[in-house]
Amino acid sequence: MTEPSGRRERKKAATRQKIADAALRLFLERGYDEVGIRDVAAEADVAVTTLFSHFASKEALVFEQDEDFEQRLVQAVTGRAPHEPLIPALRREIQALVRHCTAEAAAPIWLMIDASPALRKYEESMRLRHAESLAAIIAADPGLPQTTTAARTIARFVIDAYSLAREEAEPEAAVDEIFRMIEAAWEVARSA
């Protein structure tokens with residue numbers, strides 16, 4: 001996550017993190033469905049309105065790194081070296097994200113997400129939004145000649161690679177396998 005530069009931005013970021021940490025702690029201790037927004041606000045020692053100024057919904061508290069995840073994918077495309085191929089840049093970023101999300105400390109969070117229909121639905125909508133953002137960046141890159149359909153397809157494949165790999169017994173090997181298929185699809189799209 002990028003570091004906020006000014007005092008006000010740092011204070012906002014610290015409050016946001018305090019709320020997210022309090023929410024996650026309560027959700028893991030009591031269960032997601034057993035904790036209300038008021039409980040989280042009280043635990044974080046903020047007003048409910050302050051909580052909602054940082055998070056749009058209860059589900060967003062669980063996925064507090066959502067924006068950072070999306071920005072990392074965008075940066076993988078826009079920040080790659082000149083003439084660096086797209087797919088290896090995206091593969092490296094997905095590999096890093098999968099490593100982070102499959103760390104032992106993340107297991108209880110994923111169990112909670114998998115057990116909650118509301119969180120699974122939120123995660124699905126988040127993935128679709130990430131895929132659309134990634135597709136727009138790919139389509140806008142003048143060095144990547146392809147159709148909008150190809151950009152959207154590759155973006156969906158990349159986002160799905162993250163989800164599929166994190167569920168596998170050997171997530172990093174799964175990323176490698178999936179990205180071989182993505183690379184092949186990208187080559188077909190580029191040559192069409």
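For the structure itself, consult the block above.
Heads up: these notes are all about the structure in this document.

Quick notes on the rules
- Residues numbered from 1 in each chain as written.
- Predicted model: local features only at pLDDT ≥ 70, side-chain atom pairs only at ≥ 80, totals over all residues.
- Heavy atoms only, no water.
- Core = buried A, V, L, I, M, F, W, Y, C linked by side-chain atoms within 4.5 Å.
- Buried < 20%, exposed > 50% of the residue type's maximum accessible area, 1.4 Å probe, protein only.
- Helix = DSSP H or I, 4+ residues; strand = E, 2+ residues; numbered from the N terminus.
- Contact = heavy atoms within 4.5 Å.
- Phe/Tyr/Trp six-rings, centres within 6.5 Å; stacked < 30°, edge-to-face > 60°.
- Salt bridge = Lys/Arg side-chain N within 4 Å of Asp/Glu carboxyl O.
- 1 Å grid on protein atoms, 1.4 Å probe; cavity = no way out; pocket = protein on both sides within 12 Å on 5 of 7 lines; lining within 4 Å.
- Points joined across faces, edges and corners; volume = space filled by probe spheres on them.
- Nonpolar A, V, L, I, M, F, W, Y, C, P; charged D, E, K, R; others polar.
- Axes fitted to C-alpha atoms, helices over the stretch in contact; angles between N-to-C directions.
- Parallel < 35°, antiparallel > 145°, perpendicular 65-115°, else oblique.
- Left-handed = near helix turned anticlockwise from the far one by under 90°.

## As for the nonpolar core
Core analysis: the largest hydrophobic core is formed by 57 residues, its most contacted members being Phe27, Val40, Val62, Leu90, Ile94, Ile138 and Phe179. Of the residues forming this core, the biggest block, eight residues, is contributed by helix α9 (residues 148–166). Setting aside chain neighbours within four positions, we find Leu90 in contact with Leu73, Ala76, Val77, Leu134, Ile138, Val158 and Phe179.

## Digging into the packing of aromatic side chains
Applying the stated criterion across every chain, the model contains three aromatic pairs. Both rings, one in Phe27 and one in Tyr32, keep their centres 4.9 Å apart while their planes meet at 65°; by these two values the pair is edge-to-face. With respect to burial, Phe27 and Tyr32 carry one shared label: buried. Ring centres 5.4 Å apart and planes at 25° place the aromatic pair Phe63 and Tyr122 in the stacked group. Of this pair, Phe63 sits in the loop between α4 (58–62) and α5 (66–78) while Tyr122 sits in helix α8 (residues 117–140), placing them 59 residues apart in sequence.

## Quick look at the pattern of salt bridges
What the rule picks out here adds up to 14 salt bridges. When the shortest N-O distance is used, the salt bridge between Asp176 and Arg91 registers 2.1 Å. Within this pair, whereas Asp176 is found in helix α10 (residues 171–191), its partner Arg91 is found in helix α6 (residues 86–101), the two being separated by 85 residues in sequence. The exposure class of Asp176 is partly exposed, given its relative accessible area of 27%.

## Topic: the layout of surface pockets
Roughly 600 Å³ of internal volume is contained in the largest pocket. Surrounding the largest pocket, 27 residues form its lining, Val62, Gln65, His100, Cys101 and Trp110 being those nearest its centre. Those elements that place two or more of their residues in the lining of the largest pocket are α1 (7–30), α4, α5, α6, α7 (107–115) and α8. Of the residues that constitute the lining of the largest pocket, the class distribution is 16 nonpolar, four polar and seven charged.

## Re the packing of α7 against α8
In contact at an axis separation of 5 Å, α7 and α8 are set at 100° when each is read in the N-to-C sense. On the basis of their axis angle, the class for α7 and α8 is roughly perpendicular. Every residue of α8 that contacts α7 at Trp110, Met112, Ile113, Asp114 and Ala115 is listed here: Pro117, Leu119, Arg120 and Glu123. Across the contact of α7 with α8, the residue classes tally to six nonpolar, no polar and three charged.

## What about unusual backbone geometry?
Here Asp45, not a glycine, exhibits a phi torsion of approximately 60°, which is positive. Assignment of secondary structure puts Asp45 in the loop between α2 (37–44) and α3 (48–54). You will see that His83, though not glycine, has its phi angle at about 70°, which is positive. In this fold, His83 is placed in the loop between α5 and α6. Using a relative accessible area of 82% as the deciding quantity, one classes His83 as exposed.

## Considering the packing of α1 against α2
As a packed pair, α1 and α2 sit with axes 8 Å apart at the nearest point and diverge in direction by 120°. Here α2 runs oblique to α1, going by the angle between their axes. Like other packed secondary-structure pairs, α1 and α2 cross with a definite hand, here right-handed. Along the contact surface, α1 presents Lys18, Ile19, Ala22, Ala23, Arg25, Leu26, Phe27 and Arg30, while α2 presents Asp39, Val40, Glu43 and Ala44. Tallied by class, residues from the contact of α1 with α2 come to seven nonpolar, no polar and five charged.

## Side note on the environment of Ala161
Here Ala161 shows up in helix α9. With ten residues separating them along the chain, Ala161 and Pro171 place their C-alpha atoms 9.9 Å apart. The contacts of Ala161, once residues within four sequence positions are left out, are Ile178, Phe179 and Ile182.

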